[in-house]
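Structure assessment
So the chains spell out like this:
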Amino acid sequence: MVEDTGSPYAPHTESETAAMLDAVGADTEADLFDIPPSVQFDGDVGIDPASEQAVTREMTTLLERNDDLVEFLGRGHYDHFVPSLVDHLADRQEFLTSYTQYQPEIAQGFLQALFEYQSLLVELTGLGVANCSMYDAATALGEAATLADRVRSTTGATVLVPAHLRAGKRRVLENYVDGPGLSIDSYPMDDGAVDIDALADRMDDDVLLVYAENPTVRGVIEESLSAIGDLTDDHDALFCLGSDPVALSVLETPASVGADVVIGEAGTLGLGTAYGMGLGLFVTREDFLRQVPGRLVGASTDATERRAYTLTLQTREQHIRRERATSNICTNQAWLALRAAIHASLLGPQGLVDTATDCIELARETADRIDSISGIRAPVHDRHHFREFVAHTDQPAPALATEAATEGYAVHAVDEHLLQVCVTETNETAVDGLVAALSGVA
């Protein structure tokens, strides 16, 4: 008679469970957890069972309570039109049901798509190695800091970031650098871009990594990237640049300005407004190949000389090296990378450039129109912009943002007298309404 193994996902017999509990000195499995009574499950979720039709009706009623706003929001999260073909291809079962492609013999198609995604990032950045496993731009920045700590040949423990760095991204970075004992410091900005003189004054041998963004969180196109690259090179620090695939199609190639690592949100392709879901890009120089976190897809040939793909350098990961792993990135963003690769392939090189060009022209045209409103000056920064810009308001910006929301338009209130507006091809048809709403409340 075969003893009952219980759960098919944790196939331990009762005798095996008892032996393990005895080894750790516990009477029951519950003794292994210390859960406060206030959050313990009491066996009742408090939701009455209902039919599918009733649940659908209830959820529809609930969702209709959401505000129906046209979003002109950006600051690191951008909405671009995603062709329906992306959904149709990415929703095929062989993609949806494939988690991590550890068995290359049955995942060649998916692995090839990921290899193409990596190749796209390599071409856009000019750097040699890209992966497809970062959660978002914030975790990619954290991984860049810990990579710098592993590879830098001299001492140094300070990560320099822009004063305008988005608060959420900085908090994630703080979590990452706490373990290795690194510190974070800010350098000043000048008219929305890097203050090169102030950065030069701050540079010393303790600087491990300098992070800059292009475009910046305020939409400004950074003009001093080569100078930043020279400063980091002079002090044996690494240069990390934040950007995204759409912007990279028209802006300076990171490799040409001395960037060692490029991070950012690759979800500008394939995702649209995902409300929390992200796809972080991570690209670096080939010198750091064995220090790259997350998954890498490599290309080789099989026994019959046919091109073949496989996950490579897995010995860096914690399922093999445990506490000595390169990083703690362990999930798989492959399906999102697949969507980005499909979207990029549909656009093609010229389509990417056209989308990026629209981001420049729409920001300029919208800023000009808002600048004509009495009581608002736009843009605040006398520079070129990409997708978004900051406007100064004579009246309190939070109040204006609230009033604009009552008219159906969402904008960021950056501080007491600064509004930020982001325009892409998905909301450009609503610019007339936004201008009218701001005119009415400004």
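Placed above this text is the structure.
Described in the following lines is the structure provided in the data block.

Cut-offs applied
- Residues numbered from 1 in each chain as written.
- Predicted model: local features only at pLDDT ≥ 70, side-chain atom pairs only at ≥ 80, totals over all residues.
- Heavy atoms only, no water.
- Patch = residues over 30% accessible without salt bridge, like charges linked within 9 Å, V, L, I, M, F, W, Y side chains within 5 Å.
- Areas by Shrake-Rupley, 256 points an atom, 1.4 Å probe, with all protein chains shown as cover.
- Salt bridge = Lys/Arg side-chain N within 4 Å of Asp/Glu carboxyl O.
- Helix = DSSP H or I, 4+ residues; strand = E, 2+ residues; numbered from the N terminus.
- Expected span 1.5 Å × (residues − 1).
- Buried < 20%, exposed > 50% of the residue type's maximum accessible area, 1.4 Å probe, protein only.
- Arc of directions from axis to C-beta.
- Contact = heavy atoms within 4.5 Å.
- Bend = angle between axes of the 7 residues up to and from the residue.

1. Some remarks on a nonpolar patch on the surface
On the surface, V24, L32, F33, I35 and V39 cluster together to form a nonpolar patch covering roughly 530 Å² of accessible area. Counting through the fold element by element, V39 comes out in the loop between α1 (14-24) and α2 (52-63).

2. Here's the deal with the pattern of salt bridges
Enumeration according to the criterion identifies 13 salt bridges in this entry. Salt-bridge contacts for D204 lead to R202; the nearest nitrogen and oxygen are separated by 3.4 Å. Two residues, R285 and D260, come together in a salt bridge whose shortest N-O distance is 2.7 Å. Remark: D260 occurs in the loop between α10 (245-248) and β9 (261-265) and R285 occurs in the loop between β10 (280-284) and β11 (297-301); sequence separation between them is 25 residues. Here the residues in one salt-bridge network are D185, R202 and D204, joined through shared partners.

3. A few points about helix α7 (residues 167-178)
Here α7 contains 12 residues, and its C-alpha end-to-end distance of 17 Å stays within 8% of the 16 Å for a straight helix at 1.5 Å per residue. Restricting attention to buried positions, one finds in α7 the residues K169, L173 and V177. Around the axis of α7, the buried residues are gathered within 65° of arc, so they sit on the same side. Pointing more than 90 degrees away from the buried face of α7 are the exposed residues R171, N175 and D178. On its buried side, α7 packs onto α6 (137-151), β3 (158-162), β4 (183-187) and β7 (207-213).

4. Digging into helix α12 (residues 334-371)
Residues spaced three or four apart along an α-helix face the same direction, because each turn holds 3.6 residues. With 38 residues, α12 extends just 43 Å between its outermost C-alpha atoms, more than 12% less than the 56 Å of an ideal straight helix rising 1.5 Å per residue. Most pronounced at G348, the bend in α12 amounts to some 95°, and the proline P349 follows within four residues.

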